[in-house]
Amino acid sequence: MRSGVTNSGRGPLRPDLLVRRATARDARRLTRLVRSSRAYEGPYAPMVAGYRVGPDYIEAHRVFVAVDRADDRVLGFYALILQPPELDLMFVADAAQGLGIGRLLIGHLREEARAAGLDSVRIVAHPPAEGFYRSVGAEPTGTVRADPPAVMWDRPELLLPVGLS
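Quantities reported herein were computed from a predicted structural model and do not represent experimental measurements. (Residues numbered from 1 in each chain as written. Predicted model: local features only at pLDDT ≥ 70, side-chain atom pairs only at ≥ 80, totals over all residues. Heavy atoms only, no water.)

Some details on the nonpolar core
In this structure, Leu-30, Phe-77 and Tyr-133 are the most contacted members of the largest nonpolar core, which totals 50 residues. Apart from residues no more than four positions distant in its own chain, Tyr-133 is found in contact with Leu-87, Met-90, Ile-106, Ile-123, Ala-125, Ala-138 and Leu-158. (Core = buried A, V, L, I, M, F, W, Y, C linked by side-chain atoms within 4.5 Å. Buried < 20%, exposed > 50% of the residue type's maximum accessible area, 1.4 Å probe, protein only. Contact = heavy atoms within 4.5 Å.)

Here it is in structure tokens:
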């Protein structure tokens, strides 16, 4: 378990934050973050209305949370699937948007993927998040077509290079 995201050995990028492995006790807070996300308002709302990040999901996957060290407030999280390599979930709390939490999580994801021997990670993005993923180096590879009733819209597919060293 990491005590923080490092910047080439120069210490934590954000000393006020900690990226740690999620535990079953985080499940309720992660579910709340997903269901309350403004990114899923309007036509996207049905996608997360009944969504649940349960303890079973956390136990079965590599789920990491970014928390404020002062109050253990969850600011964001992601889930990495190793086989096949894919970013399954990534959310940043609305109040933490624009603070670098997403970039912090992507940096951590890259470290985890590298440590697992991966050279890239597939991302099927929420359409409004495509620009963010491209800004952190993900390259478009195609489109995943809508699959009603689960997903009612096409989604961009990207590949995030991990950069094995």
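Describing the packing of aromatic side chains
This model, assessed by the stated rule, comprises six aromatic pairs. Relative to Trp-153, the ring of Tyr-44 has its centre 4.6 Å away and its plane inclined at 80°; by these criteria the two rings are edge-to-face. Linking Tyr-44 in the loop between α1 (27-35) and α2 (45-48) with Trp-153 in the loop between β6 (139-144) and β7 (155-161), this pair joins segments that are 109 residues apart in sequence. With centroids separated by 5.3 Å and ring planes inclined at 65°, the aromatic side chains of Phe-132 and Tyr-133 adopt a geometry described as edge-to-face. Aromatic ring contacts, followed pair by pair, group Tyr-40, Tyr-44, Phe-77, Phe-91 and Trp-153 into a single cluster. (Phe/Tyr/Trp six-rings, centres within 6.5 Å; stacked < 30°, edge-to-face > 60°. Helix = DSSP H or I, 4+ residues; strand = E, 2+ residues; numbered from the N terminus.)

Points about the pattern of salt bridges
For the structure on display, the rule yields 13 salt bridges. Residue Arg-29 is joined to Asp-26 by a salt bridge in which the shortest nitrogen-to-oxygen separation is 2.8 Å. What makes Asp-26 buried here is its relative accessible area of 2%. Within the structure, one salt-bridge network assembled from shared partners comprises Arg-20, Asp-26, Arg-29 and Asp-72. (Salt bridge = Lys/Arg side-chain N within 4 Å of Asp/Glu carboxyl O.)

Section: the confidence of the model for the chain
Mean pLDDT over the chain: 90, with 90% of residues reaching 70 or higher. Predicted confidence for residues 1-12 stays below pLDDT 50, and this span has 23 contacts to residues more than four positions away or in other chains. (pLDDT = per-residue confidence, 0-100.)

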